[in-house]
Amino acid sequence: MNVIVIGANGQIGRHLVNQLHASEQHEVTAMVRKEEQKKELEANGVNAVLADLEGSISDLEDALKGADAVVFTAGSGGHTGPEKTLLIDLDGAVKSIAAAKNTNVDRFVMVSAFQAHNRDSWEESPIKPYMVAKHFADEALVHSGLDYTIIRPGGLQNEPGTGKVQASENLERGSIPREDVAAVIVEALEAKNTYQKGFDLITGKDSISEALRKI
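Each chain has its residues counted from 1, running along the sequence as written. Since the coordinates come from a predicted model, pLDDT governs what is reported: local features require at least 70, and pairs of side-chain atoms require 80 or more to be given and counted, while whole-chain, interface and lining totals use all residues. Hydrogens and water molecules were not included; the side-chain quantities draw on all heavy atoms of the structure.

Let's shift gears to the packing of helix H3 (residues 57-64) against helix H4 (residues 82-102). Following both chains from N to C, one finds H3 and H4 inclined at 55°, their axes separated by 8 Å at the closest point. Relative to H4, H3 is oriented oblique. Note on packing geometry: the crossing formed by H3 with H4 is right-handed. Facing H3, whose interface residues are Ile 57, Leu 60, Glu 61 and Leu 64, H4 presents Lys 95, Ser 96, Ala 98, Ala 99, Ala 100 and Asn 102. We call Asp, Glu, Lys and Arg charged. Ala, Val, Leu, Ile, Met, Phe, Trp, Tyr, Cys and Pro are nonpolar, and the rest, Gly among them, are polar. Partitioning the contact of H3 with H4 into residue classes produces six nonpolar, two polar and two charged. Between the N-to-C directions of two axes lies an angle of 0 to 180 degrees, each axis being a line fitted to C-alpha atoms and, for a helix, fitted only over the stretch in contact. Counting from the N terminus, the helices are the DSSP runs of H or I reaching at least four residues and the strands are the DSSP runs of E reaching at least two. Should an angle lie under 35 degrees it is considered roughly parallel, over 145 roughly antiparallel, and from 65 to 115 roughly perpendicular; all remaining angles are considered oblique. Take the far helix as your reference; a near helix turned counterclockwise from it by less than a right angle gives a left-handed crossing, and one turned clockwise gives a right-handed crossing. Any two residues whose heavy atoms approach within 4.5 Å are treated as being in contact.

Membership of the largest hydrophobic core comes to 34 residues, with the highest contact counts inside it found for Val 5, Leu 16, Val 17, Leu 20, Val 184, Ile 185 and Leu 201. Among the elements that take part in this core, helix H6 (residues 178-188) stands out by supplying seven residues, more than any other. Aside from chain neighbours lying at most four places away, what touches Val 17 is Val 5, Ala 8, Val 28, Ala 30, Leu 41 and Val 46. Ile 4, Leu 53, Val 70 and Ile 88 belong to the second-largest nonpolar core, a separate cluster that totals 28 residues. Joining through side-chain atoms within 4.5 Å is the link that ties buried Ala, Val, Leu, Ile, Met, Phe, Trp, Tyr and Cys residues into a set, and such a set is a nonpolar core. Only protein chains enter the area calculation, which uses a 1.4 Å probe; residues under 20% of their type maximum are buried, those over 50% are exposed, and those in between are partly exposed.

What follows is about the side chain of Ser 144. Relative to the helices and strands, Ser 144 is located in the loop between helix H5 (128-142) and strand S6 (147-153). The class for Ser 144 is buried, based on a relative accessible area of 8%. Separated by 2.6 Å, the side chain of Ser 144 and the backbone oxygen of Leu 141 make a polar contact. Ignoring anything within four residues of it in the chain, the contact list for Ser 144 reads Ile 97 and Lys 101. N or O atoms within 3.5 Å of each other form a polar contact, as long as, within protein, one can give a hydrogen and the other can take it, and as long as residues adjacent in sequence are counted only when both atoms are side-chain atoms.

The next subject is the packing of H4 against H5. Describing two packed helices takes the angle between their axes plus the distance from one axis to the other. At a minimum axis separation of 9 Å, H4 and H5 run at an interaxial angle of 10°. Looking at the two axes, H4 sits roughly parallel to H5. Facing H4, whose interface residues are Pro 82, Thr 85, Asp 89, Leu 90, Ala 93, Val 94 and Ile 97, H5 presents Pro 129, Tyr 130, Ala 133, Lys 134, Phe 136, Ala 137, Ala 140 and Leu 141. The residue inventory of the contact of H4 with H5, partitioned by class, reads 12 nonpolar, one polar and two charged.

Looking now at the environment of Arg 173. Relative to the elements of secondary structure, Arg 173 occurs in the loop between strand S8 (164-168) and strand S9 (175-177). Owing to a relative accessible area of 60%, Arg 173 belongs among the exposed residues under this scheme. With 28 residues separating them along the chain, Arg 173 and Leu 201 place their C-alpha atoms 9.1 Å apart. Each residue touching Arg 173, except ones within four places of it in the same chain, is listed here: Phe 114 and Gly 155.

Quick look at the environment of Asp 138 now. Its location among the elements puts Asp 138 in helix H5. Linking Asp 138 and Phe 114, residues 24 residues apart in sequence, is a C-alpha distance of 12 Å. The contact partners of Asp 138, leaving out residues within four places of it in the chain, are Met 110, Ser 112, Ala 116 and Ile 150.

Within S6, six of the seven residues are buried, which leaves it mostly tucked inside the rest of the structure. The handedness rule is simple: strands pointing away from the viewer, and a clockwise path from the first strand over the helix to the second, make the crossover right-handed. Note that the unit made of strand S5 (residues 107-111), H5 and S6 has a crossover that is right-handed. The sheet contact formed by S6 and strand S10 (residues 197-203) spans five bridges and is parallel. Note that in S10 the partner of Arg 152 across the bridge is Asp 200. Strand pairing follows a simple DSSP-based rule, namely that at least 2 bridges must link the two strands.

It is worth spelling out the pairing of strand S1 (residues 2-6) at this point. Burial within S1 is extensive, with four of its five residues counted as buried. When S1 meets strand S2 (residues 27-32), the two strands line up parallel, connected through five bridges. Bridge assignment links Ile 6 to a residue of S2, and that residue is Met 31. As judged from the four bridges shared by S1 and strand S4 (residues 69-72), these two strands associate in the parallel manner. Bridging across to S4, Val 3 finds its partner in Ala 69.

What follows is the structure in structure tokens.
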């Protein structure tokens, strides 16, 4: 697959781009906002394209041309307020979904948030605006007609990946290295039993392929 990574300069995105670039199975295009980010990626042999999630759907369509799959792992970041969360995590995701549909890119993997589908779990959350944005972005994807997978990782860590995970529709809260989240995305891209499904993801005892087979 030719995979475009939206949010390629983020922490999960960088792991994902590196893993896809090293893969013999896939080709990767990194979508970034800044020219210096694009130049750095290209200097490392990675194909990159400039586009902004606050731009137009047609700009995103141009970025997606030639792709077989989209991975949305962009986020406004913890240092921004609810306004950016609305513009990036919700509207940016919805525009990316529309661009994928308009360019016939059927495969779409969304990196969401742990238990985003379960309102009761974040009713009193201090990051409720972020959870609301993730919830409704996921809902838009579910109803898009695309071959989607929604991955909802637990607490994100910067430790090296272990390759051992647990994945299920509902899990007790846990954590997971970002490197393992990226590895799950790579494995899920062509795992058809993950299509039209969403799942929580934390560190566990199963290999990634075993965990995804249980979805």
